[in-house]
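Listed here are the chains, written in short residue letters.
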Amino acid sequence: MKTLKQILILGTIQFLGCFLAMSQTSSKPVKVSHAEPIFQDLVRDLGARKGEKEFNIGADFSSTKNYRENGYLAEYEFAPINRLGLEVETDFSFFSPKKETAKEQIPGNRLDGIRFSAQYSFFVSEKAKTSLAIGYTQVLEFNDFKNYGKGKFITGLTYSPFFVAAKRWGSNIHTLVYTYPAIQHEFGENGTSVDWEINSSVMYTIPNTSHFIGVEVNKEISHGKMAVTLRPQVKIKLDSHFAVGVVTGIPLNHDHQNNSSFFRLVYEP
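Residues numbered from 1 in each chain as written. Predicted model: local features only at pLDDT ≥ 70, side-chain atom pairs only at ≥ 80, totals over all residues. Heavy atoms only, no water.

Broken down by element type, the chain carries one helix and twelve strands. Start at the N end of the chain and walk to the C end: the helices and strands fall as α-β-β-β-β-β-β-β-β-β-β-β-β. Sorting the 269 residues of the chain into buried and exposed places 37% on the buried side. Within the chain, residue pairs in contact and separated by at least 24 positions form 51% of the contacts whose partners lie at least 6 positions apart. (Helix = DSSP H or I, 4+ residues; strand = E, 2+ residues; numbered from the N terminus. Buried < 20%, exposed > 50% of the residue type's maximum accessible area, 1.4 Å probe, protein only. Contact = heavy atoms within 4.5 Å.)

Here it is as structure tokens:
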């Protein structure tokens, strides 16, 4: 027969065991696996868990009738608490004229901007295989390199609140919608302009792997006109830390642009 002291000790041990189990469960909330787009990627995984982080570098190669553009990005994203993702990103653009184009007809090389973003997953349902998130992106826009010291260093700001909805159908088919207004304020100009981005994607994950193939449909509404670009893509998981994504851009209704290509290297510590 147990003594009162033994009963209290056993009860305390059981209580601590239950508390630790609950703590471990609460530290890892439910997270639904979604295949997220490569070109217009999200701030952090939907349903992000505290401590997650990721480094990305990317390269975008495109051209118009008058010039070629090489774009490069570097970004760092992390989750300081459950469900919240933060990101900082830098984007650079370098232009070169085609043979028949004068240099003064092309944009100047520049640091396009620095982007600060936050994303919060307010609904994550394992049963419905659905995640919903809201967020905000603030972009600082910069002058061309050749104009440094000749005018404003920061030329404008872009404000973008956004909404994300993702659903997995069965085990391998993933759909996602990511939409936002881009509210642009150019310093020295009165008023602001508002463009809209509506990006949707359908992905298929290869069974028993972390690889996927699919397509993004990027739709931009500017001055009452819509430009649509299809972006077939593939993401290959190289190992537990590295993945690479390859995207082809196919413009459907903006004749001044040719096909483009985009590459992204992802590192998760």
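Once that is clear, we can look at the pairing of strand E10 (residues 225-237). Where strand E9 (residues 212-222) lies against E10, eleven bridges are found, and the strand directions are antiparallel. Looking at E10, one finds that Ile213 is bridged to Val234. The turn joining E9 and E10, which pair antiparallel and follow one another in sequence, is formed by two residues; a positive phi near 55° is taken by His223. With seven bridges connecting them, E10 and strand E11 (residues 242-251) associate as antiparallel partners. In the strand pairing of E11, Ile236 is matched with Val244. Where E10 hands over to E11, the hairpin turn is made up of four residues, counted between the paired strands. (Pairing = 2+ DSSP bridges.)

Attention now goes to the sheet that holds strand E5 (residues 130-142). Read once around its circumference, the closed barrel built from twelve strands follows the order E1-E2-E3-E4-E5-E6-E7-E8-E9-E10-E11-E12, with strand pairing classed as antiparallel. When strand polarity is set aside, the average angle formed by the axes of neighbouring strands in this sheet is 20°. As paired elements, strand E6 (residues 154-169) and strand E7 (residues 173-186) share eleven bridges and run antiparallel to each other. In the sheet register, Gly156 faces E7, and the bridge partner there is Glu186. (Axes fitted to C-alpha atoms, helices over the stretch in contact; angles between N-to-C directions.)

What follows concerns the nonpolar core. Core analysis: the largest hydrophobic core is formed by ten residues, namely Leu42, Val43, Leu46, Ala133, Phe162, Val164, Ala166, Leu176, Tyr178 and Tyr180. At the level of elements, E6 and E7 are the ones that each hand at least two residues to this core. Discounting residues that sit within four places of it in the chain, Tyr180 has contacts with Gln40, Ser160, Pro161, Phe162, Asp195, Trp196, Glu197 and Asn199. (Core = buried A, V, L, I, M, F, W, Y, C linked by side-chain atoms within 4.5 Å.)

According to the stated counting rule, one finds twelve salt bridges in the structure shown. For Glu54, the salt bridge goes to Arg44, with nearest N and O atoms at 3.2 Å. Remark: Arg44 occurs in the loop between helix H1 (4-27) and strand E1 (53-63) and Glu54 occurs in strand E1; sequence separation between them is ten residues. Of the two residues, Glu54 and Arg44, both sit in the buried class. Note that Arg110 and Asp144 form a salt bridge whose closest N and O atoms lie 3.9 Å from each other. With Arg110 in strand E4 (residues 110-125) and Asp144 in the loop between E5 and E6, the pair connects residues that are 34 residues apart, well separated along the chain. Salt bridges here are not isolated pairs; linked through shared partners, they connect Lys31, Arg44, Asp45, Glu52, Glu54, Glu77, Lys237 and Glu268. (Salt bridge = Lys/Arg side-chain N within 4 Å of Asp/Glu carboxyl O.)

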